[in-house]
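Per-entry structural report
If you want the building blocks of each chain, they are given just below.
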Amino acid sequence: MRISFWGVLVMLILAGCSSNEPFPERAPTEKVRAELAKLAPAPIEVDLQGLSEGDRKALGKLIEAAKEIDELFLMQVDPANPKIRKKLQEAGLSDHLELFKVMFGRWNRLVENEPFLDRKPKPLGAGFYPEDMTREEFEKFLQKHPDQAAAFANEFRIIRRTNGKLIAVPYHEAYPVAKAAKLLKEASALTDDPSLAKYLALRAEALITDDYFESDMAWMDLAGDLEVVIGPYEVYEDALFNYKAAYEAFICRVDHQESEKLKRVTDHLHELEASLPIPDAYKNFSRGSSSPIKVVNEIFSAGDTKAGIQTTAFNLPNDERVRRAKGSKKVMLKNIARAKYELCWMPIVRVVLAPHALDKVSFDAYFNHVLMHEVSHGLGPGFIIKNGKETTVSKELKNLYSTIEECKADVLGMTTLEQLIRKGVYTDLPLESIYASYLGGMFRSIRFGIDEAHGAGVAIQFNFLLEKGGFFETADGRLDYDAAKLKSGLQELAARLLIIEATGDYEAAAQLIERYKRRTPLMDRFLRELKDAPIDIRPIFAVEATGGTL
Ligand code: ZN
């Protein structure tokens, strides 16, 4: 249960804060510390041995550039942020400052953007629009000035109001991007990886023109030891329209060994599709190859992706023109996944699993299921025929699509992993460890809520497999699995989900969700026991701790 924030706040104010103190309406320090404790501090370190001299020098510049990205994103969230940070530093409010840094602003991203420095709610459009601009004002303006529509919806322009009139200002004019661009250019000259040099040179140019197409194309071709993403990408921070892209950076080292292992998996894609438990007519042999997956270890991250919950995988670029020409690239951050496994996942699994199952969980089983989940999004029906017309699964399943698709990716992630283990593609991954880890991991998703697609998909799997006897409760109230029943239950659920997708059957999807997407007393009991387990990690980057020296 959450302590009533405003109740405590009122007491604090009545206790008498002097009025010239900064942030007199701030949340109590205790409360701020409790919020910080939800994120387990995680040292993030990457072995840089074997990295070429040129890449190592470039890396120093890239970290500096990423720190500039932190500053740019801070301004995107709230133009007042640099001033607020200074005031917090001067007032010595170290806990509040720490939470401010984690959240990139005065709103708690873990609790629906609850303010913790004053009472001002977060504007829906963050700092991308005038604070008091409404959707109506924006839309009315465009009705009068239809020629401005493209500029106003452009993902790389912010909206300002001057003399009562709205204007669209390009990012490179609105934000101080020159320093980041200069650092990228320097890094480009230092690296001895030609694919990275090309990307960085083009990206440096893009930051000062806001034309990202060529550099996105070059990013798809990165082939060396460093995997670098830097620029404005996701549009979630703009909750008003989802138009405006937020600056972020991932600076990573490629794990060639793991990436190679994945290549062996993708060599089996055709075979995996062929053995799906649906009639041949529904199988789809024409997709899946256009989306390469890379496994990397994160050295540093910045901006949008670092605020609040940490990213373990991303799929970029978002530009449809690049996707059409080159597909998209999925990047899995292995060391971030491991930190979450150790600090957030294991504490949950220790509470939920019976000793028999707990003995068998492993990071490899957990991580490879995540990988096969991603691969499985590319398996099964995509374009389908319904009533004689070509359509897509997502068009037919509408609002239910994400839940069914996420559930499918989890279930096929398991059935395909089983299959690859039997084929000998994975040699040191016991079947028992994937079953135990699969069951154990479910409560991490359920804890985030079952109304969001991933959590909903997991609730369906959990309740379905419990009904089939694949999972069961032991005498002492913990959970265990029955390997044979779990295996057949997974096949049955895979078939149900795939037929729903293949036939675009909205009614059948609704029935499956209605019956199994439930929060049961058993779940509630575990969730109560888990209430103090950390929600996510707070990365402590080794490159930062050493003052940036590599
Ligand atoms: Zn997914």
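For the structure, check the block above.
Nothing here was measured: the structure is a model prediction, and the numbers come from that model.

Thresholds, definitions, all that
- Residues numbered from 1 in each chain as written.
- Predicted model: local features only at pLDDT ≥ 70, side-chain atom pairs only at ≥ 80, totals over all residues.
- Heavy atoms only, no water.
- Helix = DSSP H or I, 4+ residues; strand = E, 2+ residues; numbered from the N terminus.
- Rg over C-alpha atoms; globule rule 2.2 N^0.38 Å.
- Buried < 20%, exposed > 50% of the residue type's maximum accessible area, 1.4 Å probe, protein only.
- Contact = heavy atoms within 4.5 Å.
- Lys, Arg positive; Asp, Glu negative; His and termini not counted.
- Salt bridge = Lys/Arg side-chain N within 4 Å of Asp/Glu carboxyl O.
- Expected span 1.5 Å × (residues − 1).
- Phe/Tyr/Trp six-rings, centres within 6.5 Å; stacked < 30°, edge-to-face > 60°.
- Lys NZ or Arg CZ within 6 Å of the ring centre and 35° of its normal.
- Donors = N, O, S within 2.8 Å, 3.2 Å for Na, K, Ca; no water.
- Pairing = 2+ DSSP bridges.
- Axes fitted to C-alpha atoms, helices over the stretch in contact; angles between N-to-C directions.
- Core = buried A, V, L, I, M, F, W, Y, C linked by side-chain atoms within 4.5 Å.
- Parallel < 35°, antiparallel > 145°, perpendicular 65-115°, else oblique.
- Left-handed = near helix turned anticlockwise from the far one by under 90°.

**Topic: the overall build of the protein chain**
From N to C terminus, the protein chain includes 25 helices and 15 strands. At 25 Å, the protein chain has a C-alpha radius of gyration in line with the 24 Å of a compact globule built from 550 residues. Seen through its principal axes, the protein chain has C-alpha atoms that stretch 65 × 60 × 55 Å. Considering the protein chain as a whole, with its 550 residues, one finds that 55% of them fall into the buried category. Across the protein chain, the fraction of contacts at a sequence separation of at least 24, relative to all contacts at a separation of at least 6, is 73%.

**Quick word on the side chain of Asp304**
Along the chain, Asp304 turns up in the loop between strand 8 (293–303) and strand 9 (313–316). Despite its burial, Asp304 pairs with no opposite charge; the closest candidate is Arg109, at 5.2 Å N-O. In this structure, Asp304 is in contact with Phe73, Glu234, Glu237, Ala246, Tyr247 and Glu248, ignoring residues within four places of it in sequence.

**Thoughts on helix 10 (residues 194–209)**
With 16 residues, helix 10 ought to run about 22 Å at 1.5 Å a step, and its terminal C-alpha atoms sit 23 Å apart, in line with that. Where helix 10 is concerned, the buried positions are Ser195, Leu196, Ala197, Tyr199, Leu200, Arg203, Ala204, Ala206 and Leu207. Looking at the buried side of helix 10, the elements it contacts are helix 3 (53–77), helix 8 (171–174), helix 9 (178–190), helix 11 (213–220), strand 6 (226–232) and strand 7 (247–254). Looking one or two places after helix 10, you find Asp210, whose phi comes out positive at around 65 degrees.

**Here we look at the packing of aromatic side chains**
Counting across every chain of the model gives 27 aromatic pairs. Centroid distance Tyr438 to Phe471: 6.0 Å. Interplanar angle 50 degrees. Geometry classified as tilted. With Tyr438 in helix 20 (residues 431–447) and Phe471 in strand 13 (residues 471–473), this residue pair connects regions lying 33 residues apart in the sequence. Pair check on accessibility: Tyr438 and Phe471 agree, each one buried. What links up through ring pairs into an aromatic cluster is the set Tyr129, Phe138, Phe141, Phe152, Phe241 and Tyr243. Seen from the ring of Tyr506, Lys398 lies directly overhead, with NZ or CZ sitting 5.1 Å from the centre.

**So, the coordination of the zinc ion**
Put simply, a metal with four donors set out as a tetrahedron has ideal angles of 109.5 degrees, and one with six donors set out as an octahedron has ideal angles of 90 or 180 degrees. For the zinc ion, the protein coordination sphere consists of His373 (NE2), His377 (NE2) and Glu406 (OE), at 2.1 to 2.2 Å. Mapped onto the polypeptide sequence, the residues donating to the zinc ion form the spacing pattern H-x3-H-x28-E. In this structure His377 comes out as buried when scored by relative accessible area, which is 17%.

**Description of the pattern of salt bridges**
Side chains that differ in charge, positive against negative, can pair when their charged atoms come close. Following the criterion strictly, the structure yields 45 salt bridges and no others. One salt bridge in this structure joins Lys182 and Glu186, with 3.1 Å as the shortest N-O distance. Taken as a pair, Lys182 and Glu186 lie in helix 9 at a separation of four residues, close to a single helical turn. Residue class for Lys182 comes out exposed when judged on its relative accessible area of 53%. Judged by its relative accessible area of 24%, Glu186 falls in the partly exposed class. A salt bridge links Asp216 to Arg203, with the shortest nitrogen-to-oxygen separation between them at 2.8 Å. Placement of Asp216 in helix 11 and of Arg203 in helix 10 is noted, with a sequence separation of 13 residues between them. Like Asp216, the residue Arg203 is buried in the burial classification. Several salt bridges converge on common partners, so that one network encompasses Lys31, Glu35, Lys38 and Glu114.

**Quick word on the pairing of strand 10 (residues 329–333)**
Burial analysis of strand 10 places five of its five residues in the buried class, the great majority of the element. Burial of strand 10 is two-sided: the residues Lys329, Val331 and Leu333 facing one way and the residues Lys330 and Met332 facing the other way are all buried. Relative to strand 10, strand 8 is paired through four bridges, and the arrangement is parallel. Looking at the pairing, Val295 lines up with Met332 of strand 10. Strand direction decides the pairing type here: strand 9 and strand 10, joined by four bridges, are antiparallel. Note on strand 10: the bridge partner recorded for Asn315 is Lys330.

**Some words on the sheet that holds strand 10**
Ordered in space as 6-7-8-10-9, the five strands form an open sheet in which the pairing is mixed. Of all strands in the sheet, those bounded by a partner on one side alone are strand 6 and strand 9. Looking at each pair of strands side by side, their axes are set apart by 35 degrees on average, direction ignored. Here helix 10 sits on the sheet in contact with strand 6 and strand 7, set at roughly 10 degrees to strand 6.

**A few points about the nonpolar core**
Grouped together as the largest cluster of nonpolar side chains are 102 residues, with contacts concentrated most on Tyr175, Tyr199, Trp219, Val228 and Tyr247. The dominant element in this core, judged by the number of residues it contributes, is helix 3, at 11 residues. Those residues in contact with Trp219 that lie beyond four places of it in its chain are Tyr199, Glu227, Val228, Val229, Phe314, Leu316, Pro317, Lys329 and Val331.

**Section: the pairing of strand 5 (residues 165–170)**
Note: strand 4 (residues 157–162) against strand 5, six bridges, orientation antiparallel. Following the sheet pairing, Arg157 is matched in strand 5 by Pro170. Taking the residues that link successive antiparallel strands as the turn, the strand 4-strand 5 hairpin has two residues, and the phi of Asn163 there is positive, at about 50 degrees.

**Brief notes about the packing of helix 20 against helix 21 (residues 453–467)**
Axis separation between helix 20 and helix 21 bottoms out at 9 Å; the angle between their running directions is 135 degrees. Judged by the inter-axis angle, helix 20 sits oblique to helix 21. Regarding helix 20 and helix 21, the two cross each other, and that crossing is left-handed. Contacts from Tyr438, Leu439, Met442, Phe443, Ser445 and Ile446 of helix 20 reach helix 21 at Gly455, Val458, Gln461, Phe462 and Leu465.

**What to know about the environment of Lys487**
Position of Lys487 among the secondary structure elements: in helix 22 (residues 483–503). The exposure class assigned to Lys487 is partly exposed, which follows from its relative accessible area of 31%. The contacts of Lys487, once residues within four sequence positions are left out, are Glu418, Arg422 and Tyr435.

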